[in-house]
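# Notes for the structure review
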Amino acid sequence: MQTLKWGILSTAKIARTVMIPAMRTAAHAVPVAIASEHGKAVEVAREFGIPRAHDSFQALLEDPEVEAVYIPLPNSLHAEWTIAAARHGKHVLCEKPAALNLDEARRMQQECNAYGVCLMEGYMYRQHPQHQRIRALLEEGVIGELRHVRGHFSFPLDLSAPSIKLDRQLGGGSLNDVGCYPLDVIRRLLGMPEKVTIVGELDPYHDVDLTVSGILRFAEGRLAEFTSSFRQTLTHRYELIGTRGRITVVRAFRPDKHDGEGLIMIHDGQGKPRSERLSADQYPAQLDHFAAWVQGDNRHAADTGEVLAQASLIDACQRSMRSGRTEVPETP
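### Describing the side chain of T211
- Along the polypeptide, T211 turns up in strand β9 (residues 209-217).
- What makes T211 buried here is its relative accessible area of 15%.
- A polar contact is formed between the side chain of T211 and the side chain of S229, at a distance of 2.7 Å.
- Those residues in contact with T211, other than ones at most four positions away along the chain, are S174, V199, G200, E201, S228, S229, R231 and Q232.

### Points about the side chain of H236
- Examined against the element boundaries, H236 turns out to sit in strand β11 (residues 235-242).
- Assessed through its relative accessible area of 4%, H236 is described here as buried.
- Only 3.1 Å separates the side chain of H236 from the backbone nitrogen of R254, close enough to count as a polar contact.
- What H236 contacts, discounting residues up to four positions off in sequence, is H152, F153, V249, V250, R251, A252, F253, R254, P255 and H258.

### Examining the pairing of strand β12 (residues 246-249)
- When β11 meets β12, the two strands line up antiparallel, connected through four bridges. When the sheet's bridge partners are listed, L240 is paired in β12 with I247.
- What sits between β11 and β12 in their antiparallel hairpin is a turn of three residues.
- Note: β12 against strand β13 (residues 261-267), four bridges, orientation antiparallel. Bridge pairing in β13 links R246 to H267.

### Examining the nonpolar core
- With 73 residues, the main nonpolar core has W6, L216, F226, Y238, L240, L287 and F290 as its most contacted residues.
- Ranked by residue count, the leading element in this core is helix α7 (residues 174-190), at nine residues.
- Ignoring any residue separated from it by four or fewer positions in sequence, one finds L287 in contact with W6, M19, A22, M23, A26, A29 and L93.
- Counting residues in hydrophobic clusters, the runner-up holds 30 residues, among them L61, L73, A79 and L102.

### Examining the sheet that holds strand β10 (residues 223-229)
- Taken in spatial order, the eight strands make up an open sheet running β8-β9-β10-β7-β11-β12-β13-β14, and their pairing is mixed. With one partner strand each, in any of the chains shown, β8 (195-202) and β14 (274-279) form the two edges of the open sheet. Going from strand to strand, the sheet's axes swing by 10° on average, the running direction of each strand aside.
- Across the sheet, helix α6 (residues 129-139) is in contact with β7 (146-154), β11, β12, β13 and β14; its angle to β13 comes to roughly 20°.
- Helix-sheet contacts for helix α9 (residues 306-323) involve β8, β9 and β10, and the interaxial angle to β8 is about 55°.

### What about unusual backbone geometry?
- Following K96, the chain continues to P97 via a peptide bond in cis, the omega torsion being -15°.
- Residues other than glycine seldom take positive phi values, yet E220 does so here, at roughly 60°.
- Position of E220 relative to the elements: it lies in the loop between β9 and β10.
- Backbone geometry places D259, a non-glycine residue, at a positive phi of 60°.
- Structurally, D259 can be placed in the loop between β12 and β13.
- In this structure D259 comes out as exposed when scored by relative accessible area, which is 76%.

### Things to note about a positive patch on the surface
- There is a patch of like positive charges on the surface, built from K13, R16, K40 and K257.
- Residue position: R16 is located in helix α1 (residues 13-25).

Cut-offs used in this document
- Residues numbered from 1 in each chain as written.
- Predicted model: local features only at pLDDT ≥ 70, side-chain atom pairs only at ≥ 80, totals over all residues.
- Heavy atoms only, no water.
- Helix = DSSP H or I, 4+ residues; strand = E, 2+ residues; numbered from the N terminus.
- Buried < 20%, exposed > 50% of the residue type's maximum accessible area, 1.4 Å probe, protein only.
- Polar contact = N/O pair within 3.5 Å; in protein donor to acceptor, adjacent residues only side chain to side chain.
- Contact = heavy atoms within 4.5 Å.
- Pairing = 2+ DSSP bridges.
- Core = buried A, V, L, I, M, F, W, Y, C linked by side-chain atoms within 4.5 Å.
- Axes fitted to C-alpha atoms, helices over the stretch in contact; angles between N-to-C directions.
- Patch = residues over 30% accessible without salt bridge, like charges linked within 9 Å, V, L, I, M, F, W, Y side chains within 5 Å.
- Areas by Shrake-Rupley, 256 points an atom, 1.4 Å probe, with all protein chains shown as cover.
- Salt bridge = Lys/Arg side-chain N within 4 Å of Asp/Glu carboxyl O.
- Lys, Arg positive; Asp, Glu negative; His and termini not counted.
- Charge placed at Lys NZ, Arg CZ, Asp CG, Glu CD.

Structural data, given as structure tokens:
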């Protein structure tokens, strides 16, 4: 597999602290250009040894050496720059949530399809091997039939400090920032729910959700629930409950905070609970996964359509939280 040449649209903190270092360690990724519209690209390029720095996003998209772009911009800018990148023939890895609503996601996916480029949403957790192990345990019937999923992602945010996470116009709020992770797990395990009922605590000044909890109802009586919050201690886990046992993924979304070690607790109803530990760096793994997909690896064909499905679910949850009503996700 060939090395994919990356351009980074912005010098955002996540790019500097996580993704550029991951590009330098991934087997099939290399950063060749970075852009900033605030004059910081030269400094960051020098720090990480990136060959070229551009003073505008447009200039980076016109760089003929760049094959794929990573977009860590505020959520409200994802659609604009994903579409611009697609029109320049660049594959796109866009931070989550890729779109603020289903209509945006449709436009993004349509443009990427029209120009023959891949679009992937930045749920890096998917590439950690603990989640592949979960799939295997479910297929083995270790907990019987899966009937219920619980997910939780929270961390304490300083609500007195300026943050794009607290700006509604930029797509802020805990649901968009961290609630999307347990929703992604739930959707990938159980499919699209028939109905969602969401409640949230809205900040009276910023008008963004600080804490959200929800119930998702599926066919055949299956249920799921999730919580996201900026007002609770760091928690990132999900639990699967079956007809004869349960599995808890204790470090589900940020195992990098534990040196990359994931932890699975298994209660199979047959004896004493047991644990399994799997370690990996999920960020370079995500980049190598994307490179394989771009280069035609059919094992990753299922990634097509993920952006639309996830946007549909988040869209329904946002509508339910704001309206106070149960909502039905639209067909992607």
